[in-house]
Amino acid sequence: MNDVALLPLLSAIAVGTFLLRFSFIFLYGRISLPQWLHRSMRFVPAAVLSALIFPALVIRNGALFLSPDNHRLVAGLLALAVAWKTK
């Protein structure tokens, strides 16, 4: 892809990303969500954080790596224990 075609593509992606994120800020408080959806939204940050961190802890070189030699997994489990203990 040449530079002439790349600039409009990147601009379109930037505008689309901005509009998607801005829509949540703009619509917050203007529409009312069902109570079940409002309650479930509390768990989104924890679910996203877990989905980002868990693969980094247990996957190495594209394979599942559950071993005491996996220092990332050991550190993650220790962090989990400290977070659970200290709330």
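Conventions used here
- Residue numbers restart at each chain and count upward from 1, following the sequence in its written direction.
- Restriction of local features to residues with pLDDT of at least 70 applies here, the model being predicted, together with a cutoff of 80 or more for giving and counting side-chain atom pairs; totals for whole chains, interfaces and linings are based on all residues.
- The basis for every side-chain value is the complete set of non-hydrogen atoms in the structure, without hydrogens or water.
- Strands are runs of DSSP state E lasting at least two residues, helices are runs of H or I lasting at least four, and both sets are numbered from the N terminus onward.
- Our radius of gyration is a C-alpha quantity, and the globule rule it is checked against amounts to 2.2 Å times the number of residues to the power 0.38.
- Type-normalised accessible area, obtained with a 1.4 Å probe on protein chains alone, sets the label of each residue: buried when under 20%, exposed when over 50%, and partly exposed for intermediate values.
- Per-residue and other accessible areas follow the Shrake-Rupley method at a 1.4 Å probe size, with only the shown protein chains counted as cover for residues.
- Inter-axis angles, ranging from 0 to 180 degrees, are taken between N-to-C directions of lines fitted to C-alpha atoms, where helices are fitted over the stretch in contact.
- Orientation categories follow fixed angle ranges, with anything under 35 degrees roughly parallel, anything over 145 roughly antiparallel, 65 to 115 roughly perpendicular, and all other angles oblique.
- By definition, residues are in contact when any of their heavy atoms lie within 4.5 Å.
- Each residue is assigned to one of three groups, with Ala, Val, Leu, Ile, Met, Phe, Trp, Tyr, Cys and Pro labelled nonpolar, Asp, Glu, Lys and Arg labelled charged, and all others, Gly among them, labelled polar.
- In protein, a polar contact requires one atom able to donate a hydrogen and another able to accept it; more generally it is a pair of N or O atoms within 3.5 Å, and residues adjacent in sequence count only if both atoms are side-chain atoms.
- Only Phe, Tyr and Trp rings take part, Trp by its six-membered ring, and two of them pair if their centres are within 6.5 Å. Stacked means planes under 30 degrees apart, edge-to-face means over 60, and tilted covers everything else.
- By this rule, a helix spans an expected 1.5 Å times one less than how many residues it contains.
- The predictor rates its confidence in each residue with pLDDT, a number between 0 and 100.

Caption draft 1: Representation of the overall build of the protein. The secondary structure content of the protein amounts to 4 helices and 2 strands. Going from N to C terminus, the protein has its helices and strands arranged as α-α-α-β-β-α. For the protein, whose C-alpha radius of gyration is 20 Å, the value lies well above the compact-globule estimate of 12 Å for 87 residues. Here the protein holds 87 residues, and 3% of them are scored as buried. Accessible surface computed for the protein: about 8,100 Å², of which carbon and sulfur atoms make up 73%.

Caption draft 2: The packing of helix α3 (residues 44-58) against helix α4 (residues 71-86), seen in detail. One can describe the packing of α3 onto α4 by two numbers: an axis separation of 7 Å at closest approach and a directional angle of 135 degrees. Taken as axis vectors, α3 and α4 run oblique relative to one another. Together, Ala 56, Leu 57 and Val 58 of α3 and Arg 72, Leu 73 and Gly 76 of α4 make up the contact between the two elements. A per-class count over the contact of α3 with α4 returns 4 nonpolar, 1 polar and 1 charged.

Caption draft 3: Fine view of the side chain of Asn 70. Relative to the helices and strands, Asn 70 resides in the loop between β2 (63-64) and α4. A distance of 3.2 Å separates a polar side-chain atom of Asn 70 from the backbone nitrogen of Arg 72.

Caption draft 4: Seen up close, unusual backbone geometry. Even without being a glycine, Asn 61 presents a positive backbone phi close to 55 degrees. Within the secondary structure layout, Asn 61 lies in the loop between β1 (59-60) and β2.

Caption draft 5: Summary view of the packing of aromatic side chains. Here the structure, examined in full by the defined rule, presents 2 aromatic pairs. A ring pair is formed by Phe 22 and Phe 26, whose centres lie 5.9 Å apart and whose planes are at 25 degrees; its orientation type is stacked. Here Phe 26 and Phe 22 lie together in helix α1 (residues 3-27), a separation of 4 residues that amounts to about one turn. When its relative accessible area of 38% is taken as the criterion, Phe 22 is described as partly exposed.

Caption draft 6: Spotlight on α1. Counted at 1.5 Å a residue, the expected span for α1 with its 25 residues is 36 Å, and the 36 Å between its end C-alpha atoms agrees. Taken from the residues just after α1, Gly 29 is the one with a positive phi, measuring 90 degrees.

Caption draft 7: Region of interest: the confidence of the model for the protein. Taken residue by residue, the protein gives an average pLDDT of 90. The fraction at 70 or more is 99%. Per-element confidence in the protein is highest for α4, whose mean pLDDT is 94, and lowest for helix α2 (residues 35-40), whose mean pLDDT is 88.

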